[in-house]
Amino acid sequence: MRHVWSLLAGIVITPLAWFAVAYGQAVMFDAAQIGGTRPLWLGLALFAAVGLLLGLIGSLRVSPAGPLFVAVGYLGMTGLLIARPETAKQALPDLVQVGGTLVVPLSPVSTGVLGLIGAMLLIAVASLQRWRGWPRPDAATEPTWPEMLAPTAADRDENTLADRDTFNGFADLRTPAATSGVDAPSWSAPTKV
């Protein structure tokens, strides 16, 4: 089931991250122009959000089906742009206007950003441990409550929790002066002069 959830996350994240990168590039391009109206921090924040989102699916120990889907999609589109540039340009819309900013969906592919992201996500897919399921604890090796309450080999002289079930008053809370037998407190009260 974890492979299905990871794949669904990859299907959702792939176009969202692609569009966020394209929008971030458009915002940063606008901010770099003289008289640009968009702040540079907005484009950088979009890149950071995409990095965190893709980093989550790339680094968490869940199924690698999601990162594999994203990597194949991004590397496939980059390969299509290299092999058949006209086909790649026709597959995507020319311009999309979002909040007064013209976004070019092909820009992350043509600048190589999606190829870079796809190659990085292939590292997440290469880990063989991610393909295995979580180990299930063996019922025979789990300690029972009496075993957990018993003292360990290092604590043989210590009391177990079972031995401490009676209340012994506040003997453990006495001050050092009370345990030494001296009636005077170990501190002196301030006096008036």
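As a starting point, this report considers the structure included with it. Sequence order as written defines the numbering, with residues in each chain counted from 1. Given that this is a predicted model, residues contribute local features only at a pLDDT of at least 70 and side-chain atom pairs are listed and counted only at 80 or more, while totals for whole chains, interfaces and linings are drawn from all residues. Side-chain metrics in this entry use all non-hydrogen atoms of the structure; hydrogen atoms and water are not considered.

## Comments concerning the overall build of the chain
In step 1: In terms of regular secondary structure, the chain is built from eight helices and two strands.
In step 2: Each helix corresponds to a stretch of at least 4 residues labelled H or I by DSSP, and each strand to a stretch of at least 2 residues labelled E; elements are numbered beginning at the N terminus. Shown N-terminal to C-terminal, the secondary structure of the chain runs as helices and strands in the order α-α-α-α-β-β-α-α-α-α.
In step 3: A simple rule labels every residue: compare its accessible area, found with a 1.4 Å probe on the protein chains alone, to the largest value its type can have, and call it buried under 20%, exposed over 50%, or partly exposed in between. Within the chain, the proportion of its 193 residues that are buried is 26%.
In step 4: Here, two residues are considered to be in contact whenever any of their heavy atoms come within 4.5 Å of each other. At a minimum sequence separation of 6, the contacts of the chain that also span at least 24 residues come to 67%.
In step 5: Values of accessible area rely on a 1.4 Å probe in the Shrake-Rupley scheme; residue burial ignores everything except the protein chains shown. Carbon and sulfur atoms form 66% of the exposed surface of the chain, whose accessible area is close to 13700 Å².

## Quick word on the side chain of Q25
In step 1: By secondary structure assignment, the location of Q25 is in helix α1 (residues 2-32).
In step 2: A relative accessible area of 17% means that Q25 is categorised as buried.
In step 3: Under the rule applied, a polar contact is a pair of N or O atoms within 3.5 Å (in protein, one hydrogen donor and one hydrogen acceptor; residues adjacent in sequence only if both atoms are side-chain atoms). Engagement of the side chain of Q25 in a polar contact is seen with the side chain of T111, the distance being 3.1 Å.

## Comments concerning the packing of aromatic side chains
In step 1: The rule is short: rings of Phe, Tyr and Trp, with Trp giving its six-membered ring, pair when the centres are within 6.5 Å, and they are stacked under 30 degrees, edge-to-face over 60, tilted in between. Tallied over the full model, the rule gives two aromatic pairs.
In step 2: When the ring of W18 is compared with that of Y74, the centres are 6.0 Å apart and the planes differ by 85°; the resulting orientation is edge-to-face. With a gap of 56 residues between them, W18 in helix α1 and Y74 in helix α3 (residues 65-83) connect regions that are remote in the sequence. We note that W18, like Y74, is buried.
In step 3: Measuring from centroid to centroid gives 6.4 Å for F19 and Y23, while their planes differ by 15°, and the two rings are stacked. Note that F19 and Y23 are positioned in helix α1 at a spacing of four residues, about one turn of the helix.

## So, a nonpolar patch on the surface
In step 1: Patch membership requires more than 30% relative accessible area and the absence of a salt bridge. Residues of like charge join within 9 Å; the nonpolar side chains Val, Leu, Ile, Met, Phe, Trp and Tyr join within 5 Å. For this analysis, a salt bridge means a side-chain nitrogen from Lys or Arg found within 4 Å of a carboxyl oxygen belonging to Asp or Glu. Together, M1, V4, W5, L7, L8, I11 and F69 make up a nonpolar patch on the protein surface, roughly 690 Å² of accessible area in all.
In step 2: In terms of residues, the nonpolar patch owes the most to one element, α1, which gives five residues.
In step 3: Within the secondary structure, L7 sits in helix α1.

## Structural notes on α3
In step 1: A helix's residues, less one, multiplied by 1.5 Å, set its expected span. Counted at 1.5 Å a residue, the expected span for α3 with its 19 residues is 27 Å, and the 26 Å between its end C-alpha atoms agrees.
In step 2: Three or more residues of α3 are buried, namely A65, G66, P67, V70, A71, Y74, M77, T78 and L81.
In step 3: Buried residues belonging to α3 abut α1, α2 (40-59), α4 (85-91), α5 (107-110) and α6 (113-126).

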